[in-house]
Amino acid sequence: MPSHQPRVAKFTLLLLGLLLILPACVPFTTAGPAARLAATQSPTPANLKAADQVFTLIGSVDDPPTLDPALASDSTSAELIRHLFSGLVRLDDTLAVVPDLAAALPELSADGRTYTFRLRPGLRWPDGRAVTADDVRYSLERATDPALAAPQPGTSLPAGLYLNDIVGVPERLAGAPGPLKGVNVLAPDTIALTISTPRAYFLQKLVTFYVVDRRNVEAGDRDWYRHPQGTGPFRLQDWRSGDRITLVPNPTYYGGAPHLRQVNFLLGEAATGGLVQYEQGLIDFVGVPADDVDRVQDPAGPLHAELHVTPGLSTTYLGFNMSKPPFDDPKVREAFSLVVNRDKIARVMFNGRVEQAAGIVPTALPGYTPTVTVPAPDIARARQLLAESRYHGASGLPRIAVYSNGGDIGPMLQQVFKAALGVGIEVRVQDWAEYLAGLHRGDYQAFISGWEADWPEPSTFLEALFRSTSPENETGLRDPEVDGTLDRAAATLDPAQRYALYAAAEQRALAATPLVPLFHSVNYELLRSYVHGVTITPLGILNLKDAYIDRGH
């Protein structure tokens, strides 16, 4: 799903422009502690001090656009939603699919199309009512109801990507009336989901689905999600816009109440200067800015023992709207891509703290297949392509605006395109919710965006960004051959064959230059040594249920 882009020091911009035409020869390396899953698993002490059980971390400078699971399509919202709601299945700390509200992984029919789930016994909403299979059905039908997006014209529901394999979902999203044909309640605790054709990744995609309480949703408040009643390990106690969101234990959670009595996600001004706040003892977990990585990696430094380095499963890229001039011309798209020096972005702009991207699929993602190569920057060829385009050179191009959510990548590209192509572009920065809304409406000629894996295999990127019918295909790529290859991959159970098909689909899609992959993230994060029961995965902290604080008093 879309993710915020990292920010870097502005002094690197000029240096990057000066280095634009130098040879790219230094490989990416991760210095310091080896990339790893960081876990602090130890027996939970019986005498934990309640006053200590407060965990504070940086949320986001912007408020989450929504906490409605059926509308959330960004990483900021998803991080909070996973603590407040539950689905049939979830990802565990090893990124494996495990039961959540389901008592066990589902029974699969002989034809590979019907998944039958039985719910855990004793599931309860916060008011004590039983959670039933009808609640699951309601949540699926609500998530695929186009009326949900009606107040926001041009908005596509995330279900068009995450639930579209279920029989009847594409028709329902297109406005067909009636219940979902592929959803059948067999008993109060049993529900069957039927998909249109066998899909190897169906359960992995299903981890993005959450069950909501109908009474809560239909109580008459359009912003019901500001006081959600979910079945996750925590409930939302307070949401102070631009300041913080506070979570407290959900006493009816099926796994028992968490040890933490309060979790604070800082927002707005309170979310700035995270490393300074960490050093002052004000927060317990923080991402390390690129410019401070060397300092925290110093083995003699006070923070080194609390540093965790994990390979990120996200890619930042420059996207082109293929339906808007001048990027409706493939030669213009190729010209712009040929002057972007990805090696310099990773090595100079980020001081080697990110990984240069060849393709859109991160190298750390299971199933990554190294078939895509990075074309060498070629200014002469780029200028020739502009001259050959229907715009007959830089002077014939219309005004160009590149949209972003902030950071220094936009200004850097502005300098590069001016120096290499003689093209002036405007960089327009918007807040997170406004940026996402315009992106989904297709308003932008070009945009700087990021995609973070929702499940751990290449389909999470390729289905989202390159399939013709995906609501997240913001570039407008429409290629029947790409779609067909993705279809064949999804139906292929043998992993090696499936990954080879995904690689072919990615190579075909990138040949049309709908976007320019820039870099894959590497996560440098600090976690207090007194915080236990937390695992930092390439997808972040997935679970705080078992977290506790033991200061050793």
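Note that the structure is a prediction, hence the values are computed from the model and not measured.

Caption draft 1: Quick peek at the overall build of the protein chain. Across its full length, the protein chain holds 17 helices and 22 strands. By its C-alpha atoms, the protein chain is 70 × 60 × 45 Å across when sized along the principal axes. By the burial criterion, 57% of the 553 residues in the protein chain qualify as buried. Considering only contacts in the protein chain between residues 6 or more positions apart, those separated by 24 or more positions represent 72%. When the accessible surface of the protein chain is totalled, it reaches about 21,600 Å², and 53% of it is carbon and sulfur. Averaging the positions of the 48 positive and the 60 negative side-chain charges in the protein chain gives two centres separated by 2 Å.

Caption draft 2: Broad picture of the pattern of salt bridges. Following the criterion strictly, the structure yields 32 salt bridges and no others. One salt bridge in this structure joins Glu 218 and Arg 214, with 3.3 Å as the shortest N-O distance. Its relative accessible area of 48% is what places Glu 218 among the partly exposed residues. What makes Arg 214 partly exposed here is its relative accessible area of 40%. A salt bridge links Arg 508 to Asp 479, with the shortest nitrogen-to-oxygen separation between them at 2.8 Å. With Arg 508 in helix α17 (residues 495-511) and Asp 479 in the loop between α15 (459-466) and α16 (480-490), this residue pair connects regions lying 29 residues apart in the sequence.

Caption draft 3: How the structure looks around the packing of α16 against α17. Look at α16 against α17: their axes get within 8 Å of each other, and the N-to-C directions meet at 165°. Comparing their axes, α17 and α16 come out roughly antiparallel. Here α16 runs over α17; the crossing is left-handed. Here α16 contributes Glu 481, Val 482, Thr 485, Leu 486, Arg 488, Ala 489 and Ala 490 to the contact with α17, which in turn contributes Arg 498, Leu 501, Tyr 502, Ala 504, Ala 505, Arg 508 and Ala 509. Here the contact of α16 with α17 is built from residues that sort into 9 nonpolar, 1 polar and 4 charged.

Caption draft 4: Main features of the pairing of strand β9 (residues 234-240). Bridge count for β9 against strand β10 (residues 244-249) is 6 bridges, and the pairing is antiparallel. Residue pairing across strands places Phe 234 opposite Pro 249, the latter belonging to β10. Between β9 and β10, which pair antiparallel one after the other, the connecting turn spans 3 residues, and Gly 242 there sits at a positive phi close to 75°.

Caption draft 5: Structural detail: the side chain of Thr 475. Structurally, Thr 475 can be placed in the loop between α15 and α16. Reaching out from Thr 475, the side chain makes a polar contact with the backbone nitrogen of Leu 477 at a distance of 3.4 Å. Residues contacting Thr 475, with those up to four places away along its chain left out, are Gly 319, Phe 320, Asn 321, Met 322, Phe 447, Leu 465, Pro 514 and Leu 515.

Caption draft 6: Molecular detail of the sheet that holds strand β6 (residues 114-118). Taken together, the 4 strands give an open sheet; going across it, the order is β5-β6-β8-β7, and neighbouring strands pair in antiparallel fashion. In the strand order of this sheet, the two ends are held by β5 (107-108) and β7 (183-187), each with one partner. Two elements, β6 and strand β8 (residues 190-194), share 5 bridges in a ladder whose sense is antiparallel. Bridged to Thr 114 within β8 is Thr 194. Docked against the sheet, helix α3 (residues 133-143) engages β7 and β8, running at close to 175° with respect to β7.

Caption draft 7: Inspection of the environment of Asp 443 at higher detail. If you trace the backbone, Asp 443 turns up in the loop between α14 (432-441) and β17 (446-452). We classify Asp 443 as partly exposed; its relative accessible area is 36%. Taking C-alpha positions, Asp 443 is 12 Å from Arg 428, a pair spaced 15 residues apart along the chain. Apart from the residues within four sequence positions on either side, Asp 443 is in contact with Lys 324 and Gly 438. A polar contact of 2.9 Å, which involves the side chain of Asp 443, links it to the side chain of Arg 441.

Caption draft 8: How the structure looks around α16. Considered for burial, the residues of α16 that qualify are Val 482, Asp 483, Thr 485, Leu 486, Ala 489 and Ala 490. On an axial view of α16, the arc spanned by its buried residues comes to 165°, and they lie on one face. Put simply, Asp 479 is the residue that caps the front of α16, since its side-chain oxygen is 2.8 Å from the backbone nitrogen of Glu 481.

Caption draft 9: Molecular detail of the environment of Gln 356. Counting through the fold element by element, Gln 356 comes out in strand β14 (residues 355-356). As a C-alpha pair, Gln 356 and Lys 344 span 12 residues in sequence and 8.6 Å in three-dimensional space. Gln 356 has contacts with Arg 342, Asp 343, Ala 346, Val 374, Leu 518, Phe 519 and His 520, leaving out every residue within four places of it along the chain. Looking at Gln 356, its side chain comes within polar contact range of the main-chain nitrogen of Asp 343, at 3.4 Å.

Caption draft 10: Just the pairing of β10, in detail. Of the strand pairs in this sheet, β10 and strand β11 (residues 262-267) are connected by 4 bridges, and their pairing is antiparallel. Residue Arg 244 lies in a different strand from β11, and its bridge partner there is Leu 266.

Caption draft 11: Layout of α15. Buried residues dominate α15, accounting for 8 of its 8 residues. Looking at the packing, one finds that the buried side of α15 touches α4 (159-162), β13 (307-320), β17, α16, α17 and β18 (515-527).

Caption draft 12: Structural detail: the packing of aromatic side chains. Under the definition given, this model contains 16 aromatic pairs. Measuring from ring centre to ring centre gives 6.2 Å for Tyr 162 and Trp 455, while their planes differ by 80°; the resulting arrangement is edge-to-face. With Tyr 162 in helix α4 and Trp 455 in the loop between β17 and α15, this residue pair connects regions lying 293 residues apart in the sequence. The same class applies to Tyr 162 and to Trp 455, which are both buried. The rings of Phe 85, Trp 224, Tyr 225 and Trp 239 are connected pair by pair, giving a single aromatic cluster. Positioned above the aromatic ring of Trp 239, the side-chain terminus of Arg 226 is 3.9 Å from the ring centre. In this arrangement the basic side chain of Arg 551 is found over the ring face of Tyr 530, its NZ or CZ atom lying 4.2 Å from the centre.

Caption draft 13: Structural context of unusual backbone geometry. The linkage connecting Pro 325 with the following residue, Pro 326, adopts the cis geometry, with an omega of 0°. Of note, Pro 326 is situated in the loop between β13 and α10 (330-337). Of note, the phi angle at Leu 95 is positive, near 70°, even though the residue is not glycine. Classification of Leu 95 as buried rests on a relative accessible area of 14%. Non-glycine residue Asn 351 carries a positive phi angle of around 55°. Structurally, Asn 351 is set in the loop between α11 (342-349) and β14.

Calculation rules
- Residues numbered from 1 in each chain as written.
- Predicted model: local features only at pLDDT ≥ 70, side-chain atom pairs only at ≥ 80, totals over all residues.
- Heavy atoms only, no water.
- Helix = DSSP H or I, 4+ residues; strand = E, 2+ residues; numbered from the N terminus.
- Buried < 20%, exposed > 50% of the residue type's maximum accessible area, 1.4 Å probe, protein only.
- Contact = heavy atoms within 4.5 Å.
- Areas by Shrake-Rupley, 256 points an atom, 1.4 Å probe, with all protein chains shown as cover.
- Lys, Arg positive; Asp, Glu negative; His and termini not counted.
- Charge placed at Lys NZ, Arg CZ, Asp CG, Glu CD.
- Salt bridge = Lys/Arg side-chain N within 4 Å of Asp/Glu carboxyl O.
- Axes fitted to C-alpha atoms, helices over the stretch in contact; angles between N-to-C directions.
- Parallel < 35°, antiparallel > 145°, perpendicular 65-115°, else oblique.
- Left-handed = near helix turned anticlockwise from the far one by under 90°.
- Nonpolar A, V, L, I, M, F, W, Y, C, P; charged D, E, K, R; others polar.
- Pairing = 2+ DSSP bridges.
- Polar contact = N/O pair within 3.5 Å; in protein donor to acceptor, adjacent residues only side chain to side chain.
- Arc of directions from axis to C-beta.
- Phe/Tyr/Trp six-rings, centres within 6.5 Å; stacked < 30°, edge-to-face > 60°.
- Lys NZ or Arg CZ within 6 Å of the ring centre and 35° of its normal.

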